[in-house]
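# A look at the structure
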Amino acid sequence: MEKILESLNDAQQEAVKTIDGPVLILAGAGSGKTKTITSRLAYLLAQGIPASSILTLTFTNKAATEMRERALSLIEDKTYPPLLCTFHKFGLLFLKFNMEKLGRRNSFVVIDTDDKKRIIKSFGIDMPVGLVANEISRYKNSLIDPALAWEKAELPNYKKIAQTYEQYEKYIKDNNLVDFDDLLVLPYKILNENEDLCRETSERYKYIMVDEYQDTNDLQYRLIRKICSTHENICVVGDDDQSIYGWRGANIKNILDFKDEFKNTKIIKLENNYRSTTNILKAANELIEHNRSRLGKVLRSTKGEGTAISIIESHDEKNESTIIAKRIKVLIDKGVSPRDIAVLYRINALSRSLEEGLNRVGVPYNMVGGVKFYERTEIKDLISYLRIIANPNDDFSIKRIINRPKRGLGKVTIDKILKGAYENHLSIYGYITTKQDELKGMVSKKCYNALVEFSENLQRLIEVSSEATYNIIDELESLYGIKKYYDQLPDSLERVSNIDEFYGLFRDLVKQNPEMSIDEFLNDLALQSDQDAIDTENIAIMSIHTSKGLEFDYLFVIGMEEGFLPLVGDGSDIEEERRLGYVAITRAKEELTLSYSESRFYKGRRTELTKSRFLKESGVCQGSLVLEKTTSYRKGDLVKHKIFGIGRIFEISKVKREFKLKINFSGTKRDIVASFVEKI
DNA sequence: TGGGTCACGGTTTTT
DNA sequence: CCGTGACCCA
């Protein structure tokens, strides 16, 4: 007990020791939030509360993993660790036990956003699929069913969306699929409709903690309400200034209004920052002060002043990335460990030029996030194969791989099969295996043989999987030759190595847990984020969103321009953009470098840019700062002047904060400020 | 059926 | 700019 408390400050101790009733812990960036939660968890156990009564919900798998490790290190008896997982994982577990309450089997399959879009697309709607998918998601999270969506729809497009929504819901229900939203929606529905189960569940989890509460959505709030309905021992931890998921339905009101929603809430503020230097905190505090809707808190530094925040001003993104890469190289050469260095950006598109720069200078890096491992085509193909082994009637998955690797089945043949299956009220697999005569008369001999081979192989695989999950991979490869297929396609090297990695992952997990079924494996996979696999050898580059919860000694933020940070567009919220800026700045421990460029090449054209208002708002653009202005002009470049015409640069110099070029205009030499000429 | 060409549109951010 | 999707021809 003493051990748990001794390294905590007063506020943290109070947070840890307040175990009954609603508690709101406002934990500023770097205030030891994870430490506080994990200590509280250990404290609850030390008080004799059974592990099975405690539920801790997090936002990402990474956070869950980290907390689990840290909590376990504080606990003596590790036999029955308390449940600590993401909201979605909790929903998944809950549905595994209670799906039959909705008249559905618990052998459901979790689909990801990509699957969802494919399904919607297959309905042939003439609207952007992503938009429709988002709207459906919005409806589901607001518990609006298709009928109500139809009623509320005024514009024809929304009528169409409502129709698609209905079609989609029917489709996934018929195929026993569950999307990410369902993992929250369905548990809520079950709890809402079964009072006894709700009470039982609430009594089981007597102590609940929720991390990153500022990023919960309405549905998560309702779910929490249900689960703590019998006791209100609910402790939420968050920072309203770090709410950055409004775009996907996170409701900052959840944290702002928590004290009104739960009576007798005890509010504890953690304002001591143990992470960043005073200079960095000052910028962060000044920036976030510009927001109006916030609970209000100021981070106090516990470290020294540190180095001044450095600003890089470049002519274009190529220049920017070169400077940053060079600076990083200097740091590494000085002995800084690459894992303590990171570069952040607001949008993924900015990673490209950055990567090029790092490659030019020879700095190896690790891009976190981006295209997810399990979203790659080859991996999704493998997932589809595993899905149909687990459930051969999964039409959705079978359609994906019925001609991959190519076995000569074209659109016409596939349409015939679909039609036949539909008319016989059978799944595709069911149709192929039971209506062989009909099939034979319908498709070409070649196609028929291919289909028979395909289904026989599948049967063989299903047999193998019932014997030993571990052997599936070898059998899958030898029967279908997926690796061989990808080996002769573009990017074969990367794809094959991805496939190998996936096979390795599968084998590892089966080894660890020989009882694991394929759909267990698949469902866990769907909820996995690949941030768990951060490699610690190299510097990290990632989006600001991805960087949430992380910290780095040396931090660079690129794209500090109007239009990029803040990103402006329809539906963008300047306060949320500011919070993103705040999150970015507060990732830095020792040295922070903010970079902006005068222009960028984006979406196929070059755009002139002005520096971000956040630079002024955070106070870094006036006063003591190291400014490095750069130019992309080189000796020998041809430039054009409005009056003097075309000339060649023969000397470049820096005067105050401007670049002076000595230019030879067909014999006449002149000194011109760089901003008056144009590169040609 | 499948490969090739061309036009278009698009980008935050994640479970 | 790049990747995707539609369309056309061998």
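Small disclaimer: the values here were computed from a predicted structure and weren't measured.

Each helix and strand counted, chain A has 29 helices and 24 strands in total. For chain A, whose C-alpha radius of gyration is 29 Å, the value lies close to the compact-globule estimate of 26 Å for 680 residues. Taking the principal axes of its C-alpha atoms as reference, chain A extends roughly 90 × 70 × 55 Å. Scored against the burial criterion, the 680 residues of chain A give a buried share of 53%. Counted over contacts in chain A with a minimum sequence separation of 6, partners at least 24 positions apart contribute 74%. Taking the average place of the 102 positive charges on the side chains of chain A and the average place of its 102 negative ones, the gap between the two points comes to 5 Å.

To continue, consider the protein's contact with DNA strand C. Surveying the vicinity of DNA strand C reveals the residues Lys 121, Arg 352, Phe 601 and Gly 604. Here the atoms of DNA strand C within 4 Å of the protein split so that 62% fall in sugar or phosphate, with bases taking the remainder. Contacts to DNA strand C include Lys 121, whose side-chain N or O atom sits 3.3 Å from a phosphate oxygen. For the surface near DNA strand C, the per-class residue count stands at one nonpolar, one polar and two charged.

By size, the foremost hydrophobic cluster in this structure holds 47 residues, and its most contacted members are Leu 386, Ile 482 and Phe 502. Broken down by element, this core gets its largest block of residues, eight residues, from helix 23 (residues 445–467). Once you skip the residues sitting within four places of it in the chain, Ile 482 turns out to touch Leu 382, Tyr 385, Pro 405, Leu 476, Glu 477, Ile 499 and Tyr 503. Counting 42 residues, the second-largest nonpolar core is a separate cluster that includes Leu 92, Tyr 205, Tyr 221 and Ile 252.

Around DNA strand B, 26 residues are found, and the nearest of them are Arg 248, Arg 346, Asn 348, Thr 413 and Thr 546. Take the atoms of DNA strand B that sit within 4 Å of the protein: sugar and phosphate atoms are 55% of them. Take His 88: an N or O atom from its side chain is 3.2 Å from a base oxygen of DNA strand B. Take Trp 247: an N or O atom from its side chain is 3.0 Å from a base oxygen of DNA strand B. Here the surface near DNA strand B takes three residues from helix 20 (residues 411–423), the largest share from any one element. Looking at side-chain class alone, the surface near DNA strand B contains eight nonpolar, 14 polar and four charged residues.

Taking 1.5 Å of rise per residue, the 14 residues of helix 4 (residues 61–74) would be expected to cover 20 Å, and the 20 Å separating its terminal C-alpha atoms lies within 8% of that figure. Buried residues of helix 4: Asn 61, Lys 62, Ala 63, Ala 64, Met 67 and Ala 71, and no others. Buried positions along helix 4 lie against helix 3 (33–46), strand 2 (54–58) and strand 3 (83–86).

This part covers the confidence of the model for chain A. On average, residues of chain A score 86 in pLDDT, and 91% of them reach the 70 mark or higher. Confidence drops under pLDDT 50 across residues 623–629; counting only partners more than four residues distant or on other chains, this segment forms 22 contacts.

Inspection of every chain in the model, using the stated rule, returns 15 aromatic pairs. On the basis of an interplanar angle of 45° and a centroid distance of 5.6 Å, the ring pair of Tyr 245 and Trp 247 is categorised as tilted. Consider the rings of Phe 502 and Phe 521, whose centres lie 5.9 Å apart with planes at 75°: the pair is edge-to-face. Here Phe 502, found in helix 26 (residues 492–512), pairs with Phe 521, found in helix 27 (residues 518–526); they are 19 residues apart in sequence, far enough to count as distant. By relative accessible area, which is 1% here, Phe 502 ends up buried. Of the residues examined, Phe 521 reaches a relative accessible area of 2% and is grouped as buried.

On to the pattern of salt bridges, then. For side chains bearing opposite charge, pairing can occur when the charged atoms are close. In the structure shown here, the tally under the stated rule is 46 salt bridges. One salt bridge connects Glu 271 with Arg 300, and the closest N-O pair in it is separated by 3.6 Å. One end of the pair, Glu 271, is in the loop between strand 8 (266–270) and strand 9 (272–273); the other, Arg 300, is in strand 10 (residues 300–301), and 29 residues separate them in sequence. Accessibility expressed as a relative area gives 17% for Glu 271, which makes it buried. Classification of Arg 300 by relative accessible area gives partly exposed; the value is 44%. The salt bridge partner of Glu 317 is Arg 606, with a shortest N-O separation of 3.0 Å. Here Arg 606 lies in strand 18 (residues 605–608) and Glu 317 lies in helix 16 (residues 317–333), a separation of 289 residues in the sequence. Look at Arg 606 and you get partly exposed, because its relative accessible area is 40%. In the salt-bridge network here, residues are joined through shared partners; they are Asp 112, Asp 114, Asp 115, Arg 118, Lys 380 and Arg 387.

Rules and cut-offs
- Residues numbered from 1 in each chain as written.
- Chains lettered and ligands numbered in written order.
- Predicted model: local features only at pLDDT ≥ 70, side-chain atom pairs only at ≥ 80, totals over all residues.
- Heavy atoms only, no water.
- Helix = DSSP H or I, 4+ residues; strand = E, 2+ residues; numbered from the N terminus.
- Rg over C-alpha atoms; globule rule 2.2 N^0.38 Å.
- Buried < 20%, exposed > 50% of the residue type's maximum accessible area, 1.4 Å probe, protein only.
- Contact = heavy atoms within 4.5 Å.
- Lys, Arg positive; Asp, Glu negative; His and termini not counted.
- Charge placed at Lys NZ, Arg CZ, Asp CG, Glu CD.
- Near = heavy atom within 4 Å.
- Polar contact = N/O pair within 3.5 Å; in protein donor to acceptor, adjacent residues only side chain to side chain.
- Nonpolar A, V, L, I, M, F, W, Y, C, P; charged D, E, K, R; others polar.
- Core = buried A, V, L, I, M, F, W, Y, C linked by side-chain atoms within 4.5 Å.
- Expected span 1.5 Å × (residues − 1).
- pLDDT = per-residue confidence, 0-100.
- Phe/Tyr/Trp six-rings, centres within 6.5 Å; stacked < 30°, edge-to-face > 60°.
- Salt bridge = Lys/Arg side-chain N within 4 Å of Asp/Glu carboxyl O.

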